[in-house]
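# Observations on the model geometry
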Amino acid sequence: AGALSGMIGPARAFNKSVNEVASLGTDTTALDALQKASKQFVISFGGNAAEVVSSAYDIQSAISGLQGTELASFTVASATLARGVKSDAATITDYVGTMYGVWQAHADKMGKSQWVEQLAGRTALAVQMFKTNGGKWAESVSALGASATAKGISMEEQFSVLGNLQSTMGGGEAATKYNAFLTGALNAQEKLGLKFFKNGKMLGMADILDKIKTKFGGKWDDKAMK
């Protein structure tokens, strides 16, 4: 009886999670892809298929317009990323939703499934490269929001700056410092007689700092940005 219960329990939990996702109006194609992908994830990485599917509920609730296999792609990418950066599913699911909100136009143009896989790969690499963790990284990127993206700054540039800042401070503080720099640079252009934009996009931090150093002959401090 105990063995039977051990088999039935997980199956019931899995079906319950699938039904919860279905309650959001998810079509059959997306549900089938989600079930197959979640089971394959567990085979490959271990864990609980019902928990993987449960995270799809939050993704489907937060991101409208996912079609076909896109929900499965977002769910598995999030679960894989959470495992890779040693974070919980809820934190990473929220992170992916936030990032999609910031980069929606780019993601839709590229293809949502391809974009989320790219995001997961870049995030895992950044967390490893800058020796941070998933929770701290998600806090930093979420706190930064769309402020840098709105100025045309690439994801790679944003990740590089945030990652370097996190080596000496917390995730939220890193975002605050970066935002302060962006605002300071934006406001300082006219005062310094410099241009920090090219083709409608703000230059990277290193390029901006080089321009300022050249302006001041290599001798300047943070007062130059005020």
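These notes cover the structure that comes with them. (Residues numbered from 1 in each chain as written. Predicted model: local features only at pLDDT ≥ 70, side-chain atom pairs only at ≥ 80, totals over all residues. Heavy atoms only, no water.)

## Regarding the overall build of the protein
- Within the protein, the secondary structure is distributed over 10 helices and 2 strands.
- Of the regular secondary structure in the protein, the N- to C-terminal order runs α-α-α-α-α-α-α-α-α-β-β-α.
- In terms of its C-alpha atoms, the protein occupies a principal-axis envelope of roughly 80 × 30 × 20 Å.
- Within the protein, contacts between residues at least 6 apart in sequence are counted, and of these 58% link residues at least 24 apart.
- Carbon and sulfur atoms provide 53% of the accessible area of the protein, an area that totals close to 11900 Å².
- Considering the protein, the positive charge centre built from 23 side chains and the negative charge centre built from 19 side chains are found 7 Å apart. (Helix = DSSP H or I, 4+ residues; strand = E, 2+ residues; numbered from the N terminus. Contact = heavy atoms within 4.5 Å. Areas by Shrake-Rupley, 256 points an atom, 1.4 Å probe, with all protein chains shown as cover. Lys, Arg positive; Asp, Glu negative; His and termini not counted. Charge placed at Lys NZ, Arg CZ, Asp CG, Glu CD.)

## Some details on helix 9 (residues 171-192)
- For helix 9, spanning 22 residues, the distance from its first C-alpha to its last is 30 Å, which sits close to the expected 32 Å at 1.5 Å a residue.
- Along its length, helix 9 reaches its greatest deviation from straightness, about 30°, at Leu186.
- Taken as a whole, helix 9 has its buried residues at Gly171, Gly172, Ala174, Ala175, Tyr178, Phe181, Leu182, Gly184, Ala185, Ala188, Gln189 and Leu192.
- In this fold, the buried residues of helix 9 make contact with helix 7 (134-144), helix 8 (155-165), strand 1 (197-198), strand 2 (201-202) and helix 10 (205-215).
- Residue Gly193 follows helix 9 closely and has a positive phi angle near 70°. (Expected span 1.5 Å × (residues − 1). Bend = angle between axes of the 7 residues up to and from the residue. Buried < 20%, exposed > 50% of the residue type's maximum accessible area, 1.4 Å probe, protein only.)

## Here we look at empty space enclosed by the protein
- On inspection of all chains with the given rule, the structure shows 1 cavity of 30 Å³ or more.
- Roughly 40 Å³ of volume is contained in the largest cavity.
- Lining of the largest cavity is provided by Met99, Val102, Trp103, Val141, Leu144, Gly145, Thr149, Gln158, Phe159 and Leu162.
- The residue makeup of the lining of the largest cavity, split by class, is 7 nonpolar, 3 polar and no charged. (1 Å grid on protein atoms, 1.4 Å probe; cavity = no way out; pocket = protein on both sides within 12 Å on 5 of 7 lines; lining within 4 Å. Points joined across faces, edges and corners; volume = space filled by probe spheres on them. Nonpolar A, V, L, I, M, F, W, Y, C, P; charged D, E, K, R; others polar.)

## Considerations on the layout of surface pockets
- What the largest pocket holds in volume is close to 260 Å³.
- Counting only elements with at least two residues in the lining of the largest pocket, the list comes to helix 3 (49-62), helix 4 (70-84) and helix 5 (89-110).
- If you tally residues by element for the lining of the largest pocket, the top one is helix 4, at 5 residues.
- Class assignment for the residues of the lining of the largest pocket results in 5 nonpolar, 8 polar and 3 charged.

## Looking at the environment of Phe74
- Secondary-structure assignment places Phe74 in helix 4.
- When the C-alpha positions of Phe74 and Thr93 are compared, they lie 8.7 Å apart, and in sequence the two are 19 residues distant.
- Sequence-distant contacts of Phe74, defined by excluding residues within four places in its chain, comprise Ile59, Ile63, Leu66, Val96, Tyr100, Lys112, Trp115 and Val116.

## Overview of the packing of helix 6 (residues 112-129) against helix 8
- For the pair helix 6 and helix 8, interaxial distance at closest approach is 11 Å and the crossing angle is 25°. Our classification of the angle between helix 6 and helix 8 gives roughly parallel. In the packing of helix 6 onto helix 8, the handedness of the crossing is right-handed. Mapping the contact onto sequence places Trp115, Leu119, Arg122, Thr123 and Ala126 in helix 6 and Met155, Glu156 and Phe159 in helix 8. (Axes fitted to C-alpha atoms, helices over the stretch in contact; angles between N-to-C directions. Parallel < 35°, antiparallel > 145°, perpendicular 65-115°, else oblique. Left-handed = near helix turned anticlockwise from the far one by under 90°.)

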